[in-house]
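Report on the structure
Okay, here's what each chain looks like letter by letter:
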Amino acid sequence: MKLITYQYRGIEEAGVLARSGDFVYPLRMLGVSCRKMSELIDGGSSLLEKVRMAVKEADRRLPLAEIQLEAPIPEPRQDIICLGINYREHAEESVRFKGDALSIGKTEYATYFSKRVNRATGSGALIDTHGGFAEELDYEAELAVVIGKDACRVAEEDAFDYVFGYTIINDITSRAVQTRHNQWFFGKSLDSFAPMGPCLVTEDEFTRPPILRVTSRVNGELRQNSTTDFMIHGIAEVISELSQGITLKKGTIIAMGTPAGVGMGFQPPRFLRSGDTVVCEIEGIGILENSVK
Ligand code: MG
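One structure accompanies this document, and this report is about it. Computed from a prediction, not measured in an experiment: that's the story for all the values here.

**Some points on the pairing of strand S6 (residues 80-84)**
- With respect to burial, S6 is a largely interior element, five of its five residues being buried.
- Side chains of S6 alternate between two faces, with Ile80, Cys82 and Gly84 and Ile81 and Leu83 buried alike.
- Looking at chain direction, S6 and strand S7 (residues 111-115) are connected through five bridges and run antiparallel. From the neighbouring strand, Leu83 faces S7, where its bridge partner is Tyr112.

**Description of the side chain of Ser123**
- On the secondary structure map, Ser123 appears in the loop between S7 and strand S8 (126-127).
- The buried category is assigned to Ser123, whose relative accessible area is 18%.
- Engagement of the side chain of Ser123 in a polar contact is seen with the backbone nitrogen of Glu289, the distance being 3.0 Å.
- Residues within four places of Ser123 in sequence aside, it is in contact with Leu69, Met196, Pro198, Ile287, Leu288, Glu289 and Asn290.

**With respect to the nonpolar core**
- Residues Tyr166, Ile235, Ile239, Ile254 and Ile285 are the most contacted members of the largest nonpolar core, which totals 55 residues.
- Residue contributions to this core peak at five residues, all from helix H6 (residues 235-243).
- Three or more residues apiece are contributed to this core by two domains, here domain 1 (2-70) and domain 2 (80-292).
- Other than its neighbours up to four places away in sequence, Ile239 contacts Val145, Ile147, Ala159, Val163, Leu248 and Ile254.
- Counting residues in each nonpolar core, the second largest holds 35 residues, with Ala14, Val32, Val55 and Cys82 among its members.

**Digging into the pairing of strand S14 (residues 213-218)**
- Of the pairings in the sheet, the one linking S14 to strand S15 (residues 221-227) comprises six bridges and is antiparallel in character. Residue pairing across strands places Arg217 opposite Leu222, the latter belonging to S15.
- Where S14 folds back on S15, the antiparallel hairpin that results is connected by two residues, among which Asn219 adopts a positive phi of roughly 50°.

Analysis parameters
What you see as residue numbers is a count from 1 along each chain, following the sequence as written. With the structure being a predicted model, the display of local features is reserved for residues of pLDDT at least 70 and the display and counting of side-chain atom pairs for 80 or more, all residues being used for whole-chain, interface and lining totals. The basis for every side-chain value is the complete set of non-hydrogen atoms in the structure, without hydrogens or water. Each residue is assigned to one of three classes by its accessible area relative to the maximum for its type, calculated with a 1.4 Å probe on protein chains only: buried under 20%, partly exposed between the two thresholds, exposed over 50%. Strands are runs of DSSP state E lasting at least 2 residues, helices are runs of H or I lasting at least 4, and numbering of each runs from the N terminus. We call two strands paired when DSSP finds no fewer than two bridges between them. Counted as a polar contact is a pair of N or O atoms within 3.5 Å, where, for protein atoms, one must be capable of donating a hydrogen and the other of accepting one, and residues adjacent in sequence contribute only when both atoms are in side chains. Any two residues whose heavy atoms approach within 4.5 Å at even a single point are treated as in contact. Buried Ala, Val, Leu, Ile, Met, Phe, Trp, Tyr and Cys residues form a nonpolar core when they are joined through side-chain atoms within 4.5 Å. An automatic or database domain assignment provides the domain bounds reported here.

Okay, structure coming up:
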């Protein structure tokens with residue numbers, strides 16, 4: 001199922017996108033007690049199954065024209081867990097830009113960091129430049145994994161049982177802030193720097209692991225073009241490894257890193273400017289489109 005969060009008459013709620021893409025079946029009209037995405041995730045597989053059955057019989061729905069799309073998980077409960085340098089060609093372009101040995105060759109263990117997201121940015125909403133504070137603005141199209149049940153010391157072969165679904169995150173970064181603070185957190189955590197969506201697709205719609213094309217375009221020009229099977233550290237490995245020491249609570253979001261082709265990878269770099277439009281697309285999930293304010 002493709003799940004979305006949206007505003008309808010000023011109220012935030014979640015629903016199931018119709019296969020045709022023209023309608024949404026609001027959770028509140030499906031005879032289940034939840035209204036929001038976080039409640040649906042909390043309800044686990046039995047609630048998800050109830051929703052799945054109810055949609056088959058549903059006759060009440062809303063046209064997409066009457067809703068305003070939001071990020072599928074508008075206010076994540078915890079910082080997003082991110083992977084740095086998880087595609088080899090992106091590792092090479094990062095070193096070219098920064099001139100340091102951030103990671104080529106150092107790929108035996110994954111690089112983890114977190115990204116604060118007070119409120120995720122829905123498809124169609126604007127990315128803020130913070131009045132010039134966030135210079136060297138860059139885009140990073142990424143597959144994001146949403147955990148569906150608390151994961152503690154999970155074996156790799158069981159990891160996908162803990163995945164609720166997948167969405168797209170554009171891990172917007174100010175390279176200037178990132179560089180001057182010598183750390184990822186600040187430059188990636190500014191308000192509006194987490195475009196997410198357009199929907200959250202349940203895990204059952206994908207192979208294990210999902211092999212999906214990931215692309216990004218800036219003003220229509222193809223910049224990133226890869227597939228998730230080029231990731232250095234895969235989804236099962238990451239869930240298993242993190243959960244050896246951190247209980248990954250349901251609702252946890254893990255952004256799996258970005259392929260080559262980001263702005264800092266060009267010579268000279270091609271950062272985002274006011275008015276630019278970035279489109280991130282992942283097969284089977286959809287198109288996440290945002291413009292720079
Ligand atoms: Mg990233």
